[in-house]
Amino acid sequence: QVQLVESGGGLVQAGGSLRLSCTASSRAFSSYAMGWFRQAPGKEREFVASISYTGGSTYYADSVKGRFTISRDIPEKTVYLQMNNLRPEDTAVYYCKADWSPYTSAQTMSDLDRFDSWGQGTQVTVSS
């Protein structure tokens, strides 16, 4: 199982930017699609963005399209989520996940039902 460490969360004003990072421990990082999910207070966890194992394909929730960009640095075993033009409704705990099956697509990675355990995540707070 791939171990992941998330970082980069914080407090930012509306319209600002943050970049989240997620570093993997596994040498097999390059074989797995990666994704970001989030959970706001009192709401269900939701999909944010995902990227294929090659980095050549990405998939986004409609709510973040045009504002967020997911990317991966395979040698560094890190996936990033660049978040621009942040809104108060983006406030949530953000979670990074690696798919449990190698070579799955970015779109398949977006299905929350594929995952039954979650780490601590990183808090993003956007003030108005």
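Residues numbered from 1 in each chain as written. Predicted model: local features only at pLDDT ≥ 70, side-chain atom pairs only at ≥ 80, totals over all residues. Heavy atoms only, no water.

Student: I would appreciate a short explanation of the overall build of the protein in the present structure.
Tutor: Counting its regular elements, the protein contains one helix and ten strands. Tracing the protein from N to C terminus, the helices and strands come up as β-β-β-β-β-β-β-β-β-α-β. If you line up the protein on its principal axes, its C-alpha atoms span 40 × 25 × 25 Å. A buried classification covers 45% of the 128 residues belonging to the protein. (Helix = DSSP H or I, 4+ residues; strand = E, 2+ residues; numbered from the N terminus. Buried < 20%, exposed > 50% of the residue type's maximum accessible area, 1.4 Å probe, protein only.)

Student: What exactly am I supposed to notice about the sheet that holds strand E4 (residues 34-39) here?
Tutor: Two orientations exist for strands paired in a sheet by backbone hydrogen bonds: parallel and antiparallel. Strand order in the open sheet made by the six strands is E2-E10-E9-E4-E5-E6, with mixed pairing throughout. With one partner strand each, in any of the chains shown, strand E2 (10-13) and strand E6 (58-60) form the two edges of the open sheet. Ignoring strand direction, the axes of neighbouring strands in this sheet form an average angle of 25 degrees. Bridge analysis of strand E5 (residues 46-51) against E6 gives three bridges, and the strand direction is antiparallel. Note on E6: the bridge partner recorded for Ile51 is Thr58. (Pairing = 2+ DSSP bridges. Axes fitted to C-alpha atoms, helices over the stretch in contact; angles between N-to-C directions.)

Student: What exactly am I supposed to notice about the state of the cysteines here?
Tutor: Each disulfide is one covalent bond, formed between the sulfur atoms of two cysteines. In this structure the tally under the stated criterion is one disulfide. Linked covalently through their sulfurs, Cys22 and Cys96 form a disulfide whose S-S length is 2.1 Å. Judged by the torsion about the S-S bond (-80 degrees), the Cys22/Cys96 disulfide is left-handed. With Cys22 in strand E3 (residues 18-24) and Cys96 in strand E9 (residues 92-98), this pair connects stretches of sequence that are 74 residues apart. (Disulfide = S-S within 2.5 Å.)

Student: Got a minute to help me understand the nonpolar core in this structure?
Tutor: Soluble globular proteins: nonpolar side chains tend toward being buried together. Counting 34 residues, the largest nonpolar core has Trp36, Leu81, Met83 and Tyr94 as the members making the most contacts within it. For this core, the elements supplying multiple residues, two or more each, are E3, E4, E5, strand E7 (68-73), strand E8 (78-83), E9 and strand E10 (122-127). Those residues in contact with Met83 that sit more than four places away from it in its chain are Gly16, Ser17, Leu18, Leu20, Arg67, Phe68, Tyr94 and Val124. (Core = buried A, V, L, I, M, F, W, Y, C linked by side-chain atoms within 4.5 Å. Contact = heavy atoms within 4.5 Å.)

Student: How should the side chain of Ser52 be read in this particular structure?
Tutor: The residue Ser52 is located in the loop between E5 and E6 in this model. Sequence-distant contacts of Ser52, that is, excluding residues within four places in its chain, are made with Ala33, Ser57, Arg72 and Ala106.

Student: What is the right way to look at the pairing of E4 in this model?
Tutor: By the criterion of burial, E4 is predominantly enclosed, with five of the six residues buried. As defined by bridge partners, E4 adjoins E5 across five bridges and the pair is classed as antiparallel. Opposite Gly35, over in E5, you have Ser50 as the bridge partner. Counted along the chain from E4 to the antiparallel partner E5, the turn is six residues long, and its residue Gly42 has a positive phi close to 75 degrees.

Student: What should I look at first to understand the environment of Gly56 in this one?
Tutor: With respect to the element layout, Gly56 can be found in the loop between E5 and E6. Accessibility expressed as a relative area gives 70% for Gly56, which makes it exposed. A C-alpha to C-alpha distance of 12 Å links Gly56 and Met34, two positions 22 residues apart in sequence.

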